[in-house]
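Here is what each chain is made of, one letter per residue.
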Amino acid sequence: MITVKRHPMLWVVSAPSGAGKTTLCDRLVADEDTITYSVSCTTRAPRAGEIDGKSYFFLSESAFDARVATGEFLEHAVVHGNRYGTLVRTVRDAMAAGRDVLMDIDVQGAAQIRAALAFDTALADLRAAYVDIFIAPPSLRDLQLRLWGRGQDDEAVIEKRLAGAADELGHWRDYQYVIVNDQLETSYRTLHAIWTAECRRTQRLAD
Ligand code: 5GP
């Protein structure tokens, strides 16, 4: 019997908020025990139930600035008025431990990572391990209804998110894969099919 090893993957999944990204990604992470979420840093306040170091690393503006200054971020961006970023160390440590890393980041962060992988020789080893997916809602109206329905944010926050969504949707062509999340079950099957195929593709990268 041939045993085929596999190289850990670096997944980026982006979507306007309300498109169903968290539901789909949570399910993939639950089903596939090699995947781990990359825990991001943010300057936004924790929501009810969010845990520091697990949901996010909640940082002050000055602590975030300090990490920008020392070049610790793989990418960072302002999203809906708050700052978010992924530490290089978070991704490197997880992949070194053999984990596949799933980054739930916005379109600006994804663009920065693509550029970094293309031009930064220190990250060259991650190029072939990179996979990105855009999850789109069937329509902006649908997104609006979902954001209202989940009752997580107040009206002003929802309006801000909807304004950002129109812009984010313009970036779906930058991604290797796009899933229009019309029907959750079908979308999950598609996401999982991508996972299965990418696992096979990255086998050849293993030492
Ligand atoms: P939320 O505040 O609802 O948790 O996330 C808001 C948005 O920020 C989401 O679209 C999410 O993908 C994005 N986000 C979360 N972490 C990061 C990060 O580390 N970098 C970037 N660029 N975006 C992030």
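Everything below is about the structure printed above this text.
Residues numbered from 1 in each chain as written. Predicted model: local features only at pLDDT ≥ 70, side-chain atom pairs only at ≥ 80, totals over all residues. Heavy atoms only, no water.

Trainee: Kindly report on the pattern of salt bridges, identifying the contributing residues and their values.
Mentor: The full count for this structure, using the stated rule, is 11 salt bridges. Between D65 and R83 there is a salt bridge, and its shortest N-O distance comes to 2.9 Å. A residue pair is termed long-range when its members are at least 10 positions apart, and D65 in helix α2 (residues 61-69) and R83 in strand β6 (residues 82-87) qualify at 18 residues. Overall, D65 belongs to the partly exposed group, its relative accessible area being 40%. Close ionic contact of D125 with R92 constitutes a salt bridge, the shortest N to O distance being 2.8 Å. Residue D125 is located in the loop between α4 (107-119) and β8 (130-136), and its partner R92 is located in helix α3 (residues 88-96); the two are separated by 33 residues in the primary sequence. The class for D125 is partly exposed, based on a relative accessible area of 43%. (Salt bridge = Lys/Arg side-chain N within 4 Å of Asp/Glu carboxyl O. Helix = DSSP H or I, 4+ residues; strand = E, 2+ residues; numbered from the N terminus. Buried < 20%, exposed > 50% of the residue type's maximum accessible area, 1.4 Å probe, protein only.)

Trainee: Could you give me a rundown of the pairing of strand β1 (residues 10-14), with the residues and numbers involved?
Mentor: Of all 5 residues making up β1, 5 are buried, and the element is well covered by its neighbours. Side chains of β1 alternate between two faces, with L10, V12 and S14 and W11 and V13 buried alike. Sheet topology places β1 next to strand β7 (residues 100-104); 4 bridges connect them, and they run parallel. Paired with V12 across the bridge in β7 is M103. One ladder, built from 5 bridges, connects β1 with β8; its direction is parallel. Bridged to V13 within β8 is I133. (Pairing = 2+ DSSP bridges.)

Trainee: Would you mind going over the side chain of D100 in detail, with residue names and values included?
Mentor: Take D100: it is sitting in strand β7. Looking at D100, its side chain comes within polar contact range of the side chain of T34, at 2.7 Å. Residues contacting D100, with those up to four places away along its chain left out, are R6, H7, P8, M9, T34, I35, T36 and W195. (Polar contact = N/O pair within 3.5 Å; in protein donor to acceptor, adjacent residues only side chain to side chain. Contact = heavy atoms within 4.5 Å.)

Trainee: Could you give me a rundown of the nonpolar core, with the residues and numbers involved?
Mentor: Proteins that are soluble and globular tend to have nonpolar side chains buried together. Core analysis: the largest hydrophobic core is formed by 24 residues, its most contacted members being W11, L28, I133, I135 and L191. Once residues lying within four places of it in the same chain are set aside, the contact partners of L28 are W11, I35, L102, Y188, L191, H192 and W195. (Core = buried A, V, L, I, M, F, W, Y, C linked by side-chain atoms within 4.5 Å.)

Trainee: How would you explain the packing of aromatic side chains if you had to name every residue and give the values?
Mentor: Aromatic ring pairs are reported here in terms of the distance separating the ring centres and the angle at which the planes meet. The full count for this structure, using the stated rule, is 5 aromatic pairs. Three or more aromatic residues link up through ring pairs in this structure, and these residues are Y56, F58 and Y84. It is R114 that lies over the ring of Y175; its NZ or CZ is 4.5 Å from the centre. (Phe/Tyr/Trp six-rings, centres within 6.5 Å; stacked < 30°, edge-to-face > 60°. Lys NZ or Arg CZ within 6 Å of the ring centre and 35° of its normal.)

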